[in-house]
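# Residue-level structural notes
Below, each chain spelled out in residue letters.
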Amino acid sequence: MTSLGSVPNRILHLRVLIVNTTVITVSGMTCEHCVNAVKSEISALPGVREVDVVLSTGEVTITADQELDMVALKSAVAEAGYDLAR
Ligand SMILES: [Cu+2]
């Protein structure tokens with residue numbers, strides 16, 4: 001006879017932190033001001049924990065604890081005044 005009571009506590013208490021990393025390329029950034037504008041808009045999206053920008057390549061790495069809405073992400077980048085390269 002199986003009941004919930006037979007499930008080991010360590011399983012019931014396990015909390016899995018789901019972290020998604022998304023890498024995008026943003027075109028048009030030329031200085032730290034651009035980087036900060038992009039960072040600030042993307043950081044405002046739901047679930048975003050960290051935004052890393054490499055100015056020389058336009059590569060933006062976003063770490064989030066939920067799946068990113070790519071449409072919202074694109075709008076956030078546009079809101080900052082830049083474009084997704086792809
Ligand atoms: Cu700039």
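Above this text you will find the structure in question.
A short tour of the structure in this document, coming up. (Residues numbered from 1 in each chain as written. Predicted model: local features only at pLDDT ≥ 70, side-chain atom pairs only at ≥ 80, totals over all residues.)

## Here we look at the pairing of strand S3 (residues 59-64)
For the record, the criterion: Between the buried cut of 20 or more and the exposed cut of 12 or fewer other C-beta atoms within 10 Å of a residue's own C-beta lies the partly exposed class, and all C-beta atoms are placed from the backbone. Under the DSSP-based scheme used, a helix requires at least four consecutive residues in state H or I and a strand at least two consecutive residues in state E, with every element numbered from the N terminus. The rule for pairing is simple: two strands pair if DSSP sees at least two bridges between them.
Only one face of S3 is buried, namely the one carrying Val60, Ile62 and Ala64, since none of Glu59, Thr61 and Thr63 on the opposite face is buried. Summarising the sheet, strand S1 (residues 20-27) and S3 pair through six bridges and their orientation is antiparallel. Looking at S3, one finds that Thr22 is bridged to Ile62. Direction of pairing for strand S2 (residues 48-54) relative to S3: antiparallel, over a ladder of six bridges. Paired with Glu50 across the two strands is Thr63, which belongs to S3. Where S2 hands over to S3, the hairpin turn is made up of four residues, of which Gly58 adopts a positive phi near 80°.

## Some remarks on the sheet that holds S1
Counted only if it meets this: A pair of residues counts as a contact when their C-beta atoms, built from backbone coordinates, are separated by no more than 7 Å. What counts as an axis is a line fitted to C-alpha atoms, over the stretch in contact for a helix, and the angles between N-to-C directions run from 0 to 180 degrees.
The antiparallel open sheet is built from four strands, whose spatial order is S2-S3-S1-S4. Strands at the two margins of the open sheet, each flanked by one partner only, are S2 and strand S4 (83-84). Pairing of S1 with S4, which is carried by two bridges, proceeds in the antiparallel orientation. Bridge pairing in S4 places Ser27 opposite Asp83. Of the strands in this sheet, S1, S2 and S3 are in contact with helix H2 (residues 32-43), which crosses S2 at around 160°.

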